[in-house]
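# Observations on the model geometry
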Amino acid sequence: MTHTLTGQIVLPDRLLPGTIRFDSHIREIEGITTKEPLYILPGFIDGHIHGGDGADTMDGVAAIRQLAQYHMRHGTTTILPTTITRPWEDVILALKAVAEVMKTPDPIGPRIHGAHLEGPFVSPHKLGAQPPFAIPPSPDKIAEVLALDCVRVVTLAPELDHAESAIESLAKAGVRISIGHTIADYETTLGAISAICTCGGIAGGTHLFNAMSPVEGRKPGPVTALMCHDASYAEMIFDTHHVHPASFRLASRLMRNRLLFVTDAMRGAGQPDGPSTLGGQDVLISEGVVRLPNGSLAGSVLTLDQALRNAVTHGASLPEASHLVSSNAATYLGLTDRGALEVGRLSDFVILDRDLMIREVWVNGQKTHQCV
Ligand SMILES: [Zn+2]
């Protein structure tokens, strides 16, 4: 069945008043004179999402479906449920649950591209809010991960033992290697990015600026390496708590289409302020900020529609903000069938009103959510 949407179409480089005709894929885009104020954007893509609506990826199949539904209502049409550093058996169980949801997706739900394995291959000295179960990426563990065939992104601290062989195996398998939770210096990070590229892989950075050494004049650190290497992408949690708006502007000017927004949302997203848990640890949510008892930030309660509004508030145009929540992630993840409004791409849409609030969400040419 063919549908039509009319409004201000957010193309990669401009707004086009017009109509989109589509079934499961976009069949035609036509510029017309219309006063319809609604904005039509490509569906959002979140590559780092632990939870929402009370559910967490580590809780298994039903929870993954629940958090996916929650984030879909905020415009996210492609999701990578993300694990946290826990004992290895728990991590494997969670990955198997993601694989199960990939095999049996909800008929009315977002696309589950695969899992993001965040931990345990992280530095015990830069855990952030990750529980203390970090281990090195030994060849047997990497083989176990690859055998599940559901992991699309692995967060890796490149200074760990076995990191070199892990990079080679993961890159050759097409898994994105996201440098993060690391005490690596500038040179080590640059070396890791080059090694990833040499093996035919694609390098990313896990929540740029967070859980990595800061930028200093004489110690440029991993942040500078990720921002300045032309081949590397990086995630950013732009809830304005994890990253200052000026740091967002710095990164987006340097990185342009290599910067991608993620939420790093935890189970408290969409829940009232109060106590919650992350990776088995008690956390407190207060006024949109999640903290461990020691004061460390512990994931976010962000959604990508709010991240898009934050970007626009802090100077991005709507096409630029659309890149940050959709097309940049699509390019990073190799999802050439989505991430932009172009004839032939999948019909995943987000409809926003004048205030950039969600009105409708479409997945695969089907309206999956409508705000009433
Ligand atoms: Zn995370």
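Here goes a summary of the coordinates provided.

Criteria and cut-off values
Residues numbered from 1 in each chain as written. Predicted model: local features only at pLDDT ≥ 70, side-chain atom pairs only at ≥ 80, totals over all residues. Heavy atoms only, no water. Phe/Tyr/Trp six-rings, centres within 6.5 Å; stacked < 30°, edge-to-face > 60°. Helix = DSSP H or I, 4+ residues; strand = E, 2+ residues; numbered from the N terminus. Buried < 20%, exposed > 50% of the residue type's maximum accessible area, 1.4 Å probe, protein only. Donors = N, O, S within 2.8 Å, 3.2 Å for Na, K, Ca; no water. Tetrahedral: all angles 85-135°; square planar, octahedral: opposite > 155°, others 65-115°. Contact = heavy atoms within 4.5 Å. 1 Å grid on protein atoms, 1.4 Å probe; cavity = no way out; pocket = protein on both sides within 12 Å on 5 of 7 lines; lining within 4 Å. Points joined across faces, edges and corners; volume = space filled by probe spheres on them. Nonpolar A, V, L, I, M, F, W, Y, C, P; charged D, E, K, R; others polar. Polar contact = N/O pair within 3.5 Å; in protein donor to acceptor, adjacent residues only side chain to side chain. Pairing = 2+ DSSP bridges. Axes fitted to C-alpha atoms, helices over the stretch in contact; angles between N-to-C directions.

Turning to the packing of aromatic side chains, a few remarks are in order. All told, the structure shown has 7 aromatic pairs when counted by the stated rule. Both rings, one in Tyr233 and one in Tyr332, keep their centres 5.2 Å apart while their planes meet at 35 degrees; by these two values the pair is tilted. On the criterion of sequence distance, the pair formed by Tyr233 in the loop between α6 (221-228) and β14 (234-236) and Tyr332 in helix α9 (residues 318-333) is long-range, its members being 99 residues apart. In this pair, the class of Tyr233 matches that of Tyr332, namely buried. Measuring from ring centre to ring centre gives 4.4 Å for Phe238 and Phe248, while their planes differ by 25 degrees; the resulting arrangement is stacked. With Phe238 in the loop between β14 and α7 (245-255) and Phe248 in helix α7, this pair connects stretches of sequence that are 10 residues apart.

Looking now at the coordination of the zinc ion. Taken together, the protein donors to the zinc ion comprise His48 (NE2), His50 (NE2), Glu118 (OE) and Asp264 (OD), at separations of 2.0 to 2.2 Å. Classification of the site at the zinc ion as irregular follows from its 4 donor atoms and the range of 84 to 169 degrees in their angles at the metal. Summarised as a motif, the one-chain spacing of the donors to the zinc ion is H-x1-H-x67-E-x145-D. In this pair, His50 is assigned in the loop between β5 (44-49) and β6 (51-52) and Asp264 in the loop between β15 (259-261) and β16 (274-278), connecting sequence segments 214 residues apart. Relative accessible area serves as the criterion here: at 3%, His50 is assigned to the buried category. Judged by relative accessible area, which is 7%, Asp264 ranks as buried.

Take the environment of Val363 next. Its location among the elements puts Val363 in strand β20 (residues 358-363). By relative accessible area, Val363 is classed as buried at 5%. The spacing of Val363 and Ser347 is 16 residues in sequence and 6.2 Å in space, taken between C-alpha atoms. In contact with Val363, not counting residues within four places along its chain, are Met72, Thr77, Gly109, Pro110, Arg111, Ser347, Asp348 and Thr368.

Applying the stated criterion to the full structure yields 1 cavity of 30 Å³ or more. The volume enclosed by the largest cavity comes to roughly 60 Å³. Every residue lining the largest cavity is listed: Ile64, Arg65, Ala68, Val101, Pro105, Asp106, Gly109, Pro110 and Ile112. Of the residues belonging to the lining of the largest cavity, the class tally is 6 nonpolar, 1 polar and 2 charged.

Structurally, the position occupied by Thr189 is in helix α5 (residues 186-198). A distance of 2.8 Å separates the side chain of Thr189 from the backbone oxygen of Asp185, its partner in a polar contact. Sequence-distant contacts of Thr189, defined by excluding residues within four places in its chain, comprise Ile179, Ala184, Pro222, Ala225 and Leu226.

Moving on: the sheet that holds strand β18 (residues 289-291). Strand order in the open sheet formed by 3 strands is β16-β17-β18, with antiparallel pairing between adjacent strands. This sheet does not close on itself; its edge strands, each paired only once, are β16 and β18. The average angle at which neighbouring strand axes cross in this sheet is 35 degrees, direction not considered. Of the pairings in the sheet, the one linking β16 to strand β17 (residues 281-286) comprises 5 bridges and is antiparallel in character. Each bridged residue has a counterpart across the sheet, and for Gly274 the counterpart in β17 is Ile285.

Roughly 320 Å³ of volume is contained in the largest pocket. In terms of lining residues, the largest pocket is bounded by 14 residues, among which Ser252, Arg253, Arg256, Ala316 and Glu320 are the most central. Residue assignment for the lining of the largest pocket shows that the elements contributing at least two residues are α7 and α9. Considering only residue class, the lining of the largest pocket consists of 4 nonpolar, 6 polar and 4 charged. Each pocket or cavity is described by its volume, and for the second largest pocket that value is around 210 Å³. Residue lining of the second largest pocket: 18 residues in total, with Gly128, Ala129, His181, His207 and Leu297 positioned closest to the centre. Within the lining of the second largest pocket, the residues separate by chemical class into 7 nonpolar, 9 polar and 2 charged.

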